[in-house]
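Geometric and topological summary
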Amino acid sequence: MSKTLVIAEKPSVAQDIVRALTPVAGKFEKHDDHFESDTYVVSSAVGHLVEIQAPEEFDVKRGKWSFAHLPVIPPYFDLKPVEKTKSRLNAVVKLAKRKDVTALINACDAGREGELIFRLIEQYAGGKKPLDKPVKRLWLQSMTPQAIRDGFDSLRSEKQMQGLADAARSRSEADWLVGINGTRALTAFNSREGGFFLTTVGRVQTPTLSVVVEREEQIRKFVSRDYWEIHGSFQVAAGSYPGKWFNPEHKKDADDAEKKHDRVWSEAEALAIADAVRHQQATVTEESKPTTKASPGLFDLTSLQREANGRFGFSAKTTLALAQSLYERHKALTYPRTDSRHLPEDYVPVVKQTFEMLADSGMKHLEPHALVALNNNYVRKLPRVFDNKKVSDHFAIIPTLQAPSGLSEAEQKLYDMVVRRFMAVFFPSAEYMVTTRISTVKAAGMDHHFRTEGKVLVNAGWMAVYGKDAAQEASDNEEDGKTLVALAAGESAKNEQADAKGLKTRPPARYSEATLLGAMEGAGKLVEDDEFREAMQEKGLGTPATRAAIIEGLINEKYLIRDGREMIPTAKAFQLFTLLRGLGVEELSKPELTGGWEHKLALMEHGELSREAFMREIAAMTEHIVKKAKEFDRDTIPGDYATLQTPCPKCGGVVKENYRRYGCVGKDGASEGCGFSISKIPGGRTFEAAEVEQFIRDKKIGPLDGFRSKAGWPFTAEIALKYSEEDQNWKLEFDFGDDKNAESGEIVEFGDSETLGNCPKCSSPVYEHGSNYVCSKAVPTHAQATPSCDFKSGKIILQQPVAREQMTKLLSEGKTDLLDKFVSMRTRRAFKAFLQWDPEAGKVNFAFEPRTSKYPARGGKTPTTNALIKAAGKKAPAKTTKGAKAIKADKVAKPKAPRKVTAGFLPNAALAAVIGTEAVARTEVIKKLWDYIKANGMQDATNKRAINADAKLKEVFGKDQVTMFELAGIVGKHLRPVGE
């Protein structure tokens, strides 16, 4: 019997489809990677399983990026599996190739990305030949069983979806072409003088960075101005009330937004007004009127991230991870990667069931509000909540029917925030009585007006969901949110006090993640072209699912730093925009690029623009960007450059910045100078202004991270300014902690240097010396010419800077804090570890968190520094923590191929069928098992601690279901040490 394969985007959707089809298609049997009935096979992806790449013969790898190989515009794109979900892809492809599967249904999310996910899987399954099986499209905006059955009754044809499919592929390929070629062209331009200066650009990341850079430029150029406000206090029979002077005839100044109705720009005028009204009688008029305030709408991902950042300080990345955990692991929230703030119109019964769950959930802080809503029939079909037209491929984030348990503190905070917003949206509006009181003082033939506003919460409505404190905050935190003393009919007031308060205008605030997310979401407002702006109206820069990753990417590439809640652009960011402007490729920095694409992709979806025409435009744009960078032949890029405060170390002249260097321009600031200059981007890392000032002043700085070798690998080092007798000038040099003169026998003077503590070997003082922390008896001194101790520990170990306070802690307590920037030289992966003194080994060793040392190495010993360096593929140095030797630039530039693990455990046949046959550490076994369990959705829907076994896992577990706590004990039976 022939069957139809249904491919959903997520395992949870596949389960929903099975539940909906069971009454009409018969019983489904659950297998390890799919469900199957007599007519259907239902499986799912887990997001993107396949991504595009340039074919090998058309691509150029990092390290060979140069203009000779650009632009890269392949005639077609190859596909490659996403590594972490490769097993899932293989399972879906195997089902698609089954001979009894004669048709496919695309049940991925109803949108452009859902279309792309399916089409790439289908293409990958076919290989060089098309899969050649008919495809239908299931288009769902609601996940109720009836909506799913209705969707199967009205499947769309492949022809109907061709426009959307073309748009999806075109967007993906266009992003690749512009991002890859733009990044490689600008990197090649910036690396012309040697080294590797990675300069990434992208359709979304660069306009996002532009928003932050433009705000920072406004802040830097802002000139504060003085202004005054006049504040008065007025007395009536019932008491006193405050008032602020304002000019009722004020009109907005289009050229100066700082001019406002309650500001005076002359101190003399402000003092004159205060003196004139002080102790004078005032006539009073007031108007009171009721007003209402509705609850904010339901959360989409961006509004959830903004609210969590503002309320709890969570980063966008953290909020997404918490929401994903609440969705995947706890089954407590609906799918979080959504851009909709509405629900499908058939979801009213589901919402009511959710309120019933909350009323009976045992969550005491939420139960009463759910009961109030149910008892008062608040849950009904509200147009502002239920609107099919405003539901995209996903609906708003709301709680599910499952009450969670075992949440972390952060998860609980986010869950409560979503639940309160969900409940509040069905409650009545909050009701206020707003009173505006105008007190007018006649003095010296002029009327001076003072405004007072009071806002009293009459009925809390939805604010009751947030508790009494929130309701109080809503009235008290507003500038005018105070209850006014009563005023009798016709009563006048007397001014008791009037003061002129001097203030200064303030620059615009830096972006926080919350406001930056908002700017990304509303980027369409910045687009001038009407058609482009309309196309971006619902899109913005990026999608809710990618915005957090875009921000984190800008931080990782050293374009932004996160300082508290502020996002601050670095010198590298400013240099990028100087370059884009200088090369004349500013289109990369503007949201119009996205607006133009969205407009054309919308035309493509409706069959009004061909995919071929769009891709020709993208190829031409790519060639234009590369050509501009390749043919730029001037000495420098024009820009707004700085003059340093620190004088030239050679002649005392002025040091100025240009695009590539800081150089001396003589004592007059306008000559060729003495020839001193240093690169702005040593080792591919851009100097910050404060850093270069410190570097030239102190002749050294560091350790600093973010440097890159010629092959592009990151490393950490100190840099020094040293005088070259050969060149008769100062030169910048990297200091990798080699201590080449350490054995010279030269006497070391510690003088008044501050000791960090006592040597763990001989109890002598330990000092900072060069690139190491050393015992005072480990180097030649006047007190002891011949060293008698060998304690020494590097200030940089495997790229991890070891701060003074950490070494002090190690010397006093035997162990540092957990450090998180160690980098394996073999795998290039970062890892976390403590540094601790090992008295038995007589050296500083690595120690790991308890959770990762649950399965210690054979013999029960913690791996030493030497052991870790050996495991990283390097010969261990004689001194364990000379450390920085491990990151010599020539070694970093030649990463060795990974080699097979030669120690650990070998899985037996049953376990190898799940995790592979290679030798592994026990911790890796558990990790690989969980990767398999999560990728295949095997955690039980009703009890997340239980794992349902598929055919492979049943061979390992010996039964159909186990708890997560049994895993460690079970896998031990399936492992044997290597060599036995």
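Predicted model, so just to flag it, every value in this text is computed and none were measured. Throughout this description, residue numbers start from 1 for each chain and increase along the sequence as written. Thresholds applied to this predicted model are a pLDDT of at least 70 for local features of residues and 80 or more for the giving and counting of side-chain atom pairs; totals over whole chains, interfaces and linings are not thresholded and use all residues. Heavy atoms throughout the structure, all of them, feed into the side-chain values; hydrogens and water do not.

**Observations regarding the environment of tryptophan 597**
Note the cut-off: What counts as a helix is a DSSP run of H or I of at least four residues, what counts as a strand is a run of E of at least two, and both are numbered from the N terminus. The rule is simple: take the accessible area with a 1.4 Å probe, protein chains only, and divide by the maximum for that residue type; under 20% is buried, over 50% is exposed, in between is partly exposed. It only takes one pair of heavy atoms within 4.5 Å for two residues to be counted as in contact.
Tracing the backbone through its elements, the reader meets tryptophan 597 in helix α18 (residues 592-605). By relative accessible area, tryptophan 597 is classed as buried at 5%. Sequence spacing of tryptophan 597 and alanine 174 is 423 residues, and the spatial spacing of their C-alpha atoms is 9.1 Å. With residues up to four places along the chain from it excluded, the contact list for tryptophan 597 reads Ala174, Asp175, Val178, Arg203, Phe614 and Ile618.

**Observations regarding the confidence of the model for the protein chain**
We apply this condition: pLDDT is a residue-level measure of predictor confidence that goes from 0 to 100.
Per-residue confidence for the protein chain gives a mean pLDDT of 85; residues scoring 70 or more make up 88%. Per-element confidence in the protein chain ranges from a low mean pLDDT of 40 for helix α23 (residues 889-892) to a high of 96 for strand β10 (residues 226-236). Segment residues 474-480: pLDDT under 50, and 11 contacts once partners within four positions in sequence are set aside and those in other chains are kept. Confidence drops under pLDDT 50 across residues 738-744; counting only partners more than four residues distant or on other chains, this segment forms 5 contacts.

**Things to note about the nonpolar core**
Our working definition: As used in this record, nonpolar core signifies buried Ala, Val, Leu, Ile, Met, Phe, Trp, Tyr and Cys residues forming a set joined through side-chain atoms within 4.5 Å.
Core analysis: the biggest nonpolar cluster contains 86 residues, and Leu209, Leu583 and Phe614 have the highest contact counts within it. Considering each element in turn, this core owes the most residues, 10 residues, to helix α5 (residues 162-190). Residues in contact with leucine 583, not counting those within four places in the same chain, are Leu186, Phe189, Lys628, Ala629, Phe632 and Ile637. Counting residues in hydrophobic clusters, the runner-up holds 50 residues, among them Ala359, Ala373, Trp462 and Val465.

**A closer look at the packing of α5 against helix α19 (residues 611-631)**
Spelled out, the test is: Lines fitted to C-alpha atoms define the axes, with helix axes restricted to the stretch in contact, and inter-axis angles between N-to-C directions lie between 0 and 180 degrees. Each angle is binned into one of four classes, with values under 35 degrees roughly parallel, values over 145 roughly antiparallel, values of 65 to 115 roughly perpendicular, and all other values oblique.
The contact between α5 and α19 brings their axes to 9 Å, and the two run at 5 degrees. As judged from the angle between their axes, α5 and α19 are roughly parallel. The segment α5 lies against α19, with Asp166, Arg169, Ser170, Glu173, Ala174, Leu177, Val178, Asn181, Gly182, Ala185 and Phe189 engaging Arg611, Phe614, Met615, Ile618, Met621, Thr622, Ile625, Val626 and Ala629.

**Notes on a negative patch on the surface**
Filter applied, for reference: Residues form patches when they are more than 30% accessible in relative terms and have no salt bridge. Like charges link within 9 Å. Nonpolar side chains (Val, Leu, Ile, Met, Phe, Trp, Tyr) link within 5 Å. Each accessible area is a Shrake-Rupley result for a 1.4 Å probe, and residues are judged covered by the shown protein chains and nothing else. A pair is scored as a salt bridge if a Lys or Arg side-chain nitrogen falls within 4 Å of a carboxyl oxygen belonging to Asp or Glu. For this count, His and the chain ends are skipped, Lys and Arg are scored as positive, and Asp and Glu as negative. Note that the charge is assigned to NZ on lysines, CZ on arginines, CG on aspartates and CD on glutamates.
Taken together, the side chains of Asp150, Asp153, Glu345 and Asp346 make up a negatively charged region of the molecular surface. Secondary-structure assignment places aspartate 150 in helix α4 (residues 145-153).

**Points about the packing of aromatic side chains**
Short version of the rule: Two rings from Phe, Tyr or Trp (for Trp, the six-membered ring) form a pair when their centres are within 6.5 Å of each other. A pair whose planes differ by under 30 degrees is stacked, one over 60 is edge-to-face, and the rest are tilted. Only lysine NZ and arginine CZ atoms are considered, and such an atom sits over a ring when it is within 6 Å of the ring centre and within 35 degrees of the ring normal.
The final tally for this structure, using the stated rule, is 27 aromatic pairs. Relative to tyrosine 466, the ring of tryptophan 462 lies with its centre 5.9 Å away and its plane at 90 degrees, an arrangement referred to as edge-to-face. For tryptophan 462, a relative accessible area of 7% gives the class buried. One residue, lysine 10, lies across the ring of tyrosine 335, its end atom 3.9 Å from the ring centre. Between lysine 572 and the ring centre of tyrosine 559, over which it is positioned, the NZ or CZ distance is 4.8 Å.

**Quick look at the sheet that holds β10**
Keep this limit in mind: A strand pair is defined by DSSP finding two or more bridges across the two strands.
Spatial strand order, β10-β11-β14-β13-β12-β15: 6 strands in a closed barrel with antiparallel pairing. Each strand of the sheet is rotated relative to its neighbour by a mean of 35 degrees, with strand direction disregarded. Alignment of β10 against strand β11 (residues 239-246), held across 6 bridges, turns out to be antiparallel. Within the sheet, the bridge partner assigned to glutamine 235 lies in β11 and is serine 240. Seen against the sheet, helix α7 (residues 267-277) touches β10, β11, β13 (430-443), β14 (446-459) and β15 (493-504) and runs at an angle of roughly 165 degrees to β15.

**Observations regarding α5**
Here is the rule: What a helix is expected to span follows from its residue count: subtract one and scale by 1.5 Å.
The end-to-end C-alpha separation of α5 is 42 Å, in line with the 42 Å expected for 29 residues at 1.5 Å each. The buried fraction of α5 is high, at 25 of 29 residues.

**Points about the state of the cysteines**
Let me state the cut-off plainly: Disulfides are defined as pairs of cysteine sulfur atoms found within 2.5 Å of each other.
Enumeration according to the criterion identifies 0 disulfides in this entry. The thiol sulfur of cysteine 775 is not disulfide-bonded, and the nearest other cysteine sulfur, from cysteine 762, lies at 3.4 Å. In this structure cysteine 789 is not part of a disulfide, and its nearest cysteine sulfur, from cysteine 759, lies 3.7 Å away. Accessibility expressed as a relative area gives 11% for cysteine 789, which makes it buried.

**Brief notes about unusual backbone geometry**
Working note: non-glycine residues mostly have negative phi, and peptide bonds are mostly trans. Between leucine 70 and the following residue, proline 71, the backbone shows a cis peptide bond with an omega angle of 0 degrees. With respect to the secondary-structure elements, proline 71 resides in the loop between β5 (50-53) and β6 (78-81). Look at the link from glycine 702 to proline 703: it is a cis peptide, with omega at 5 degrees. Within the fold, proline 703 resides in strand β21 (residues 700-708).

**Side note on the environment of glutamate 56**
Along the chain, glutamate 56 falls in the loop between β5 and β6. The exposure class assigned to glutamate 56 is exposed, which follows from its relative accessible area of 58%. Along the primary structure glutamate 56 and proline 74 are separated by 18 residues, whereas in three dimensions their C-alpha atoms are 9.8 Å apart.

**Regarding the sheet that holds strand β30 (residues 819-823)**
One open sheet accounts for 3 strands, arranged β30-β31-β32; its pairing is antiparallel. Strands with a single pairing partner mark the edges of an open sheet, and in this sheet they are β30 and β32 (843-847). The mean angle between the axes of side-by-side strands here comes to 55 degrees, regardless of whether they run parallel or antiparallel.

**Description of the pattern of salt bridges**
If you walk through the whole model with that rule in mind, you get 46 salt bridges. For aspartate 16, the salt bridge goes to arginine 19, with nearest N and O atoms at 2.7 Å. With aspartate 16 and arginine 19 both in helix α1 (residues 11-25) and 3 residues apart, the pair spans about one turn of that helix. Overall, aspartate 16 belongs to the partly exposed group, its relative accessible area being 24%. Glutamate 733 is the partner of lysine 722 in a salt bridge, and the nearest nitrogen-oxygen pair spans 4.0 Å. Placement of lysine 722 in strand β22 (residues 714-724) and of glutamate 733 in strand β23 (residues 729-735) is noted, with a sequence separation of 11 residues between them. Beyond isolated ion pairs, a larger network of salt bridges with shared partners links Glu718, Glu754, Glu768, Lys795 and Arg804.

**With respect to the packing of helix α3 (residues 112-126) against α5**
One way to put it is that α3 packs onto α5 with a least axis distance of 9 Å and a crossing angle of 85 degrees. Classified by the angle their axes make, α3 and α5 are roughly perpendicular. For the pair α3 and α5, the contacting residues are Arg112, Glu113, Glu115, Leu116, Arg119, Leu120 and Gln123 in the first and Gln162, Leu164, Ala165, Ala167, Ala168, Arg169, Arg171 and Ser172 in the second.

**Some points on a nonpolar patch on the surface**
Judged by side-chain polarity, Met433, Val456 and Val458 come together as a nonpolar surface patch covering roughly 220 Å² of accessible area. Among the structural elements, valine 456 can be located in strand β14.

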